[in-house]
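Each chain, written out:
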Amino acid sequence: MRAIGYHGTSVENAERILARGFQASRNDYDWLGDGAYFFQDAPARAAEWARQRFGVDAAVLGAEIDLDGCLDLLDPRWHDLIRESFNLLVTDLQAAGQRVPRQTFGAHRLDREVINHAAHVVGAEGIAVRSVRAAFIEGEPLFPGSALWSRAHVQIAVRNQDAIVRLWRAE
């Protein structure tokens, strides 16, 4: 299965990426772990994100992403792995006398560590996690009592650039 993702960036970064490929983000707040981040099927959302960060120098890249090897959190079959990875991570950190990362607004440190841990666990079993996909609730309800949120979206974090089948300048 394939998905179309959109990556917001600067014009300069877009040209570099088109020439040399992505450099995976490894920020401690990246909620889906290490990878290049895409808004699935949402070029306007990627453009909005890029404009907020780069102003008039914003650019959007489109990518066709092969979801083979995707730790797809839209699929419930992966949920037990994530729960188990959380438990193992907490146990390992506590045994080492380290703190469990804290979630804060805009910084999903614990999610990041759990996803990276899960990818490591299945990788050790010979299953490469090339990407991670999940829904993200953000913004505010569209109307009182609504389960529809103004900035909800699906994101894909591509961990292995081989999952990117095709890449283009989207705007």
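Provided above is the structure to which this section pertains.
Since the structure is predicted, the reported quantities are computational estimates derived from the model, not experimental observations. (Residues numbered from 1 in each chain as written. Predicted model: local features only at pLDDT ≥ 70, side-chain atom pairs only at ≥ 80, totals over all residues. Heavy atoms only, no water.)

A.B. asks: Sorry if this is basic, but what is going on with the layout of surface pockets here?
C.D. replies: Taken as a whole, the largest pocket holds about 990 Å³ of empty space. Elements with a contribution of two residues or more to the lining of the largest pocket: strand E1 (2-10), helix H1 (11-20), strand E2 (36-40), helix H2 (43-54) and strand E8 (153-158). Of all the elements, H2 adds the most residues to the lining of the largest pocket, at five residues. (1 Å grid on protein atoms, 1.4 Å probe; cavity = no way out; pocket = protein on both sides within 12 Å on 5 of 7 lines; lining within 4 Å. Points joined across faces, edges and corners; volume = space filled by probe spheres on them. Helix = DSSP H or I, 4+ residues; strand = E, 2+ residues; numbered from the N terminus.)

A.B. asks: Could you clarify how one ought to interpret the pattern of salt bridges in this entry?
C.D. replies: Oppositely charged side chains may form a pair once their charged atoms are brought near each other. Under the criterion given, the structure shown has 14 salt bridges. Between Glu138 and Arg45 there is a salt bridge; the shortest N-O distance is 2.4 Å. Here the residue Glu138 occupies a position in the loop between strand E7 (131-136) and E8, and Arg45 occupies one in helix H2, the gap between them amounting to 93 residues. On the basis of relative accessibility, which here comes to 26%, the residue Glu138 falls in the partly exposed class. Judged by its relative accessible area of 12%, Arg45 is buried. Across the pair Glu113 and Arg112 runs a salt bridge, and its minimum N-O distance is 2.9 Å. The partly exposed category is assigned to Glu113, whose relative accessible area is 28%. Residue Arg112 is classed as buried on the basis of its relative accessible area, which comes to 10%. Within this structure, Arg45, Glu48, Glu138 and Arg151 form a network of salt bridges that share partners. (Salt bridge = Lys/Arg side-chain N within 4 Å of Asp/Glu carboxyl O. Buried < 20%, exposed > 50% of the residue type's maximum accessible area, 1.4 Å probe, protein only.)

A.B. asks: What should I look at first to understand the nonpolar core in this one?
C.D. replies: One broad trend across soluble globular proteins is that nonpolar side chains are buried collectively. Of all hydrophobic cores here, the largest spans 21 residues; its most connected members are Trp31, Leu32, Leu71, Leu81, Ile82, Val129 and Val132. Looking at this core, the elements with two or more residues in it are helix H3 (79-95), helix H4 (109-124) and E7. Broken down by element, the residue count for this core peaks at seven residues, all from H4. The residues contacting Leu32, other than those within four sequence positions of it, are Tyr37, Ile115, Val132, Ala134, Gln155, Ile156, Ala157 and Arg159. Formed by 16 residues, the second largest nonpolar core is a distinct cluster that contains Ala3, Phe22, Ile156 and Ala163. (Core = buried A, V, L, I, M, F, W, Y, C linked by side-chain atoms within 4.5 Å. Contact = heavy atoms within 4.5 Å.)

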